[in-house]
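Descriptive analysis of the structure
Below are the chains, spelled out letter by letter.
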Amino acid sequence: LAGISKVSEGVAANILVISKDKMKEKKRRSNEDIEKNITDAATSLIKKKGISGLLVTDIIKDAKIEPVVFYKRYENLLDFINHFVKKYDYWFSDVIQKSKASECDKKLYNNIMANLLRSLKSNIVMQQILKWELATDNDIARRTAQLREFHTLPIAKEYEKKFEQSSIDIVAISSLIVGGIYYLVLHSHLSTFSGIDINSENGEKRIFNALNYLTELLFEEKSENTKIINIAIKMKKNNIDIETISS
């Protein structure tokens, strides 16, 4: 019995040491560490299950925190999602800024579209946010979509001004291109599109080549239109009548 008692005491002592170590571990985590653990856990879960599949219990489990720790920070899951998606509010702006090292308007335009494709393909969380927005109708989804729209307006207005002497509606055409990029990426896990697999090296290359071609086409047309307008202006200054100019 004495032997059993000593063994029991030893086990109890070990449990006590382990418990104390765990308590120290918990105490060692700062608020920033805990917040990072929560964000990292949510990020990993969103990549696997999407935002719609996110559960507080899963976040708590993967972040290794108690429920009270989570609910001290967030009212509920929707409140957490609201805070989480704000980290991606400037995603499109970042894509534009990354492209702004370009020297000319044509190169900048092409780089924005190419970088958009690259960025969205590599950013699984952003893909999940876009899917969630399409499938959800709430204030948070509307806010994130509208804020992204707000951040794209300056560059849209900038190019609209550059094409104002042209018959090309650059904003409408760009909207179709951006929408096409979104759909190609978000759809790519389901099937090819028109036989193109953008997850393959060849498929991605074909899309980049198409973006280059469209950019060349748009800016060539703009250049021709500008030349015609300038010729018409010179003819007008030389007192050539409108009927002759229009013919």
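Residues numbered from 1 in each chain as written. Predicted model: local features only at pLDDT ≥ 70, side-chain atom pairs only at ≥ 80, totals over all residues. Heavy atoms only, no water.

Quick notes on the overall build of the chain
Counting its regular elements, the chain contains 12 helices and 0 strands. Going from N to C terminus, the chain has its helices and strands arranged as α-α-α-α-α-α-α-α-α-α-α-α. Looking at the chain as a whole, 36% of its 247 residues are labelled buried. Long-range pairs, those at least 24 residues apart, make up 65% of the contacts in the chain with a sequence separation of at least 6. Carbon and sulfur atoms make up 55% of the accessible area of the chain, which amounts to about 15,900 Å² in all. (Helix = DSSP H or I, 4+ residues; strand = E, 2+ residues; numbered from the N terminus. Buried < 20%, exposed > 50% of the residue type's maximum accessible area, 1.4 Å probe, protein only. Contact = heavy atoms within 4.5 Å. Areas by Shrake-Rupley, 256 points an atom, 1.4 Å probe, with all protein chains shown as cover.)

Observations concerning the packing of helix α9 (residues 139-162) against helix α10 (residues 170-187)
Interhelical geometry of α9 versus α10 gives an angle of 135° and a closest axis separation of 10 Å. Taken as axis vectors, α9 and α10 run oblique relative to one another. Here the hand of the crossing between α9 and α10 comes out right-handed. Here Arg-148, Ala-156, Tyr-159 and Glu-160 of α9 lie close against α10, whose contacting residues are Ile-170, Val-171 and Tyr-182. In the contact of α9 with α10, the residues fall into 5 nonpolar, no polar and 2 charged. (Axes fitted to C-alpha atoms, helices over the stretch in contact; angles between N-to-C directions. Parallel < 35°, antiparallel > 145°, perpendicular 65-115°, else oblique. Left-handed = near helix turned anticlockwise from the far one by under 90°. Nonpolar A, V, L, I, M, F, W, Y, C, P; charged D, E, K, R; others polar.)

Re unusual backbone geometry
With the exception of glycine, most residues fall at negative phi, and the peptide bonds are largely trans. For Lys-64, which is not glycine, the phi torsion reads 55° and is therefore positive. By secondary structure assignment, the location of Lys-64 is in the loop between α3 (56-63) and α4 (67-73). Since its relative accessible area comes to 65%, Lys-64 is described here as exposed.

Comments concerning helix α7 (residues 105-122)
With 18 residues, α7 extends 26 Å between its outermost C-alpha atoms, agreeing within 8% with the 26 Å of an ideal straight helix rising 1.5 Å per residue. Those residues of α7 that sit buried are Leu-108, Tyr-109, Asn-110, Asn-111, Ile-112, Met-113, Ala-114, Asn-115, Leu-116, Leu-117, Ser-119 and Leu-120. (Expected span 1.5 Å × (residues − 1).)

With respect to the side chain of Asn-138
With respect to the secondary-structure elements, Asn-138 resides in the loop between α8 (124-135) and α9. Residue Asn-138 is classed as buried on the basis of its relative accessible area of 16%. Here Ala-141 takes part through its backbone nitrogen, which lies 2.8 Å from a polar atom of the side chain of Asn-138. What Asn-138 contacts, discounting residues up to four positions off in sequence, is Leu-78 and Trp-132. (Polar contact = N/O pair within 3.5 Å; in protein donor to acceptor, adjacent residues only side chain to side chain.)

Let's talk about a nonpolar patch on the surface
On the surface, Tyr-213, Leu-214 and Leu-217 cluster together into a nonpolar patch covering about 300 Å² of accessible area. Among the secondary structure elements, Tyr-213 is positioned in helix α11 (residues 201-237). (Patch = residues over 30% accessible without salt bridge, like charges linked within 9 Å, V, L, I, M, F, W, Y side chains within 5 Å. Salt bridge = Lys/Arg side-chain N within 4 Å of Asp/Glu carboxyl O.)

A short note on the packing of aromatic side chains
This model, assessed by the stated rule, comprises 13 aromatic pairs. Considering the side-chain rings of Phe-80 and Phe-84, the 5.9 Å spacing of their centres and the 40° angle between planes classify their relative orientation as tilted. Here Phe-80 pairs with Phe-84, and both are found in helix α5 (residues 77-86), just 4 residues apart, close to one helical turn. Like Phe-84, Phe-80 is buried. Ring plane angle 90° and centroid distance 6.4 Å describe the contact between Tyr-159 and Phe-219, whose orientation is recorded as edge-to-face. Here the residue Tyr-159 occupies a position in helix α9, and Phe-219 occupies one in helix α11, the gap between them amounting to 60 residues. A relative accessible area of 10% means that Phe-219 is categorised as buried. Grouping aromatic residues by their ring pairs yields a cluster made of Phe-70, Tyr-71, Tyr-74, Phe-80, Phe-84 and Tyr-88. (Phe/Tyr/Trp six-rings, centres within 6.5 Å; stacked < 30°, edge-to-face > 60°.)

Don't take any of this as a statement about function, it's just geometry.
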